[in-house]
Amino acid sequence: TDLFDENTIARIVRHWQVALESMLSGRDERIDNVVLEPEAELRRQLQVADDEQLLPLTSTQIAFIQDVQLRPATRQYAVGFLYAMHFNVDQALLRKAIHAVNMAHVALRARFVACDLPWAEPFYQIISADDPVQVETLDLPADVAGQDRFVAEHLDRWCYRTHDVFGRDLVRLQIVNGGAGR
């Protein structure tokens, strides 16, 4: 049995501590409603994988989310960049470099989640252990006018759309092939 295991004893002590603190602070609350393992329950409710980190938001992230909630149609946080390289690029090497940068910076692997549990914070960030950023490859049309139209439509559709902070990962990347030398 693991009853006398150090981790089991520590867990039982934590449960007693939470139950007693709950009884002292919320005397009218039913003991059945007390969450004995708040972090485990929070991870389960927010569907956080075992290899992911669950972190509170920074004050800047909270302000960002509140601003987006106040003005949901704003595009101010949707920032798109287009870098043109007028030479052939080794896409496998470029993807490897993108992956290295994403793995070096936790913020690039974050996603935000809303939480409606009464005993928890309203928002959290979940940090993926792996690099969740999918790099999509797009091929430009052959004619220059078609390329300009394609880039404008693509930027408007993917980069400059309103920011859905809870819908998916915060970073989106695409490699746009323009043919030889582009």
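An account of the accompanying structure is given in this report. Here the structure is a predicted model, which means the values were calculated and not measured. (Residues numbered from 1 in each chain as written. Predicted model: local features only at pLDDT ≥ 70, side-chain atom pairs only at ≥ 80, totals over all residues. Heavy atoms only, no water.)

Further remarks concern the side chain of His 15. Looking at the secondary structure, you find His 15 in helix H1 (residues 6-25). On the accessibility criterion, His 15 (17% relative accessible area) is buried. Other than its neighbours up to four places away in sequence, His 15 contacts Leu 36 and Glu 37. (Helix = DSSP H or I, 4+ residues; strand = E, 2+ residues; numbered from the N terminus. Buried < 20%, exposed > 50% of the residue type's maximum accessible area, 1.4 Å probe, protein only. Contact = heavy atoms within 4.5 Å.)

On to the sheet that holds strand S1 (residues 53-56), then. Spatial ordering of the open sheet is given by S1-S3-S2, a layout of three strands whose pairing is antiparallel. One side of each edge strand has no neighbouring strand; the edge strands of this open sheet are S1 and strand S2 (110-114). The sheet shows a mean angle of 35° between the axes of neighbouring strands, taken without regard to direction. In this sheet, strand S3 (residues 123-127) lies alongside S1 in antiparallel orientation, the contact comprising four bridges. Note on S3: the bridge partner recorded for Pro 56 is Tyr 124. (Pairing = 2+ DSSP bridges. Axes fitted to C-alpha atoms, helices over the stretch in contact; angles between N-to-C directions.)

Before going further, it helps to spend a moment on the nonpolar core. Core analysis: the largest hydrophobic core is formed by 10 residues, namely Leu 42, Leu 46, Val 48, Leu 54, Val 113, Cys 115, Leu 117, Ala 120, Tyr 124 and Ile 126. Ignoring anything within four residues of it in the chain, the contact list for Val 48 reads Arg 43, Leu 54 and Ile 126. Formed by seven residues, the second largest nonpolar core is a distinct cluster that contains Val 68, Phe 112, Phe 123 and Val 165. (Core = buried A, V, L, I, M, F, W, Y, C linked by side-chain atoms within 4.5 Å.)

What follows covers helix H4 (residues 91-104). With 14 residues, H4 should reach 20 Å at 1.5 Å per residue; the first-to-last C-alpha distance of 20 Å fits that figure. The distance from a side-chain oxygen at the start of H4 to the backbone nitrogen of Ala 92 is 3.1 Å, and the residue carrying that oxygen is Asp 90. (Expected span 1.5 Å × (residues − 1). Polar contact = N/O pair within 3.5 Å; in protein donor to acceptor, adjacent residues only side chain to side chain.)

What follows covers the pattern of salt bridges. Summed over the entire model, instances satisfying the criterion amount to three salt bridges. Its salt-bridge partner being Glu 41, residue Arg 44 comes within 2.9 Å of it at the nearest N-O pair. Placement of the pair is Arg 44 and Glu 41 together in helix H2 (residues 38-45), with a separation of three residues, close to one helical turn. By relative accessible area, Arg 44 is classed as exposed at 55%. Look at Glu 41 and you get partly exposed, because its relative accessible area is 22%. Residue Arg 111 is joined to Glu 52 by a salt bridge in which the shortest nitrogen-to-oxygen separation is 2.9 Å. In this pair, Arg 111 sits in strand S2 while Glu 52 sits in the loop between H2 and S1, placing the two residues 59 residues apart along the sequence. Accessibility expressed as a relative area gives 22% for Arg 111, which makes it partly exposed. (Salt bridge = Lys/Arg side-chain N within 4 Å of Asp/Glu carboxyl O.)

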